[in-house]
Every structure is written in C-alpha cells, then in structure tokens.
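# Summary of the model geometry
So the chains spell out like this:
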Amino acid sequence: TTAGSGSEATSISIVTDSKPHEEPMKKGVVSPMLLPDQAILDAELTLDLPRHVSADTGMDAIVHCIEAFTSRLKRNRLTDALAKGALDLLSKNVRIVVHSKPHDVEARSNMLLGSYMAGMAFNNAPVGAVHALAYPLGSHFHISHGSSNSVVLPHVLNFNRLDPRA
C-alpha cells in the first residue's frame, strides 16, 4: 500500500489495460462489491517506500480531498468533514515523511488514515476534472498519477473559480 489511492474505502478501482506496442489505458471499475468489509492500515508496510512515491501518492490523496470538498455532486457535511480532516492529516504528515523522517511510523500512520478518510469522502462526493484530465496525461507521458494530478490541479481550480457553473 502507498497511502494515496484510498481504494480500501471505495467502490472504485482503476485498472491499467496495456497491450504490446500500444499506449496503456486506465479504465475505471465501479461496483459496490469492491467495498471492503474491513481495511487494515499498517504503517509498517509503508516504511520503505521511496520518498518520491510517498510524495506522489500523498498528492493523489490531497487531490482527493480537494475534489471531494469542491464537488458539485453529492457533497454534504459528512464528506466535507472527512475531506477537511484528511487534508489536515495529509498536509502535515506528507512533509515529515518526504522531507525529514521517512521512517516515522506515526506520520506514516497519519498518511494512511488521511488517505482512507479521503477515499471515504470521494467515494460519496466524487472526484472531477482533475482526475479526468490526469489519467490520460499520466498514461501518455508515463508520469505518476500524483504528479499528473499536481500538474492539472491549479488549472482546474482556476477554471472552476472563473466559471460558477463548473
């Protein structure tokens, strides 16, 4: 696990379909059958992740928070509370994990909890344009999902700020 996707809390899975000599495509699978009965968040399993993976997956989880909080679909007080709580955990702890203490179990645990909460938020108030644009960008240029989200996020936020219908 990487403390990024939040998939342990969602009915959504992204599958990469790659064929020889073709551009890989990411496809979404959505089913209530994907919701787990239990999720185990074990920070010990993330201690040896490279810093860039922690940064990328942390950004993915942070974008989940932002998109759930700004979603026009199904957003409510519970999804807002989950997104804000997750954003607080993630923004404080991604810095610790990436810049100063990569083996800090408490910070890693907070990253997992933040990712999980973000997953619960966006499972109920779905992600939007950032993710929709980031998937093909990542596939085409072979960059991580967290990086492609980071590239697209400021532009989508600016567009949404300028267009009240967005």
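First things first, this report covers the structure right here in the doc. (Residues numbered from 1 in each chain as written. Predicted model: local features only at pLDDT ≥ 70, side-chain atom pairs only at ≥ 80, totals over all residues. Heavy atoms only, no water.)

## Some points on the packing of aromatic side chains
The description of an aromatic ring pair uses the distance of the two centres, along with the angle that the planes make with each other. Tallied over the entire structure, the rule returns zero aromatic pairs. We note Arg 75 situated over the ring of Phe 69; from NZ or CZ to the ring centre the distance is 4.5 Å. (Phe/Tyr/Trp six-rings, centres within 6.5 Å; stacked < 30°, edge-to-face > 60°. Lys NZ or Arg CZ within 6 Å of the ring centre and 35° of its normal.)

## Some details on helix α4 (residues 129–141)
Compared with an ideal rise of 1.5 Å per residue, which puts 13 residues at 18 Å, α4 spans 18 Å between its outermost C-alpha atoms and is within 8% of the ideal. Among all positions in α4, only Val 130, His 131, Ala 134, Gly 138 and Ser 139 are buried. Burial along α4 is one-sided: seen end-on, the buried residues are contained in an arc of 140°. Facing away from the buried side of α4 by more than 90 degrees, the exposed set consists of Ala 132 and Phe 141. Two residues or fewer past α4, His 142 is found with a positive phi of approximately 55°. (Helix = DSSP H or I, 4+ residues; strand = E, 2+ residues; numbered from the N terminus. Expected span 1.5 Å × (residues − 1). Buried < 20%, exposed > 50% of the residue type's maximum accessible area, 1.4 Å probe, protein only. Arc of directions from axis to C-beta.)

## Focus on the packing of helix α1 (residues 51–70) against α4
Two elements in contact, α1 and α4, have axes separated by 9 Å at closest approach and are oriented at 145°. Contact with α1, carried on its side by Asp 60, Val 63, His 64 and Glu 67, involves Ala 129, Val 130 and His 131 of α4 and no other residues of that element. A class-by-class count of the residues in the contact of α1 with α4 yields three nonpolar, two polar and two charged. (Axes fitted to C-alpha atoms, helices over the stretch in contact; angles between N-to-C directions. Contact = heavy atoms within 4.5 Å. Nonpolar A, V, L, I, M, F, W, Y, C, P; charged D, E, K, R; others polar.)

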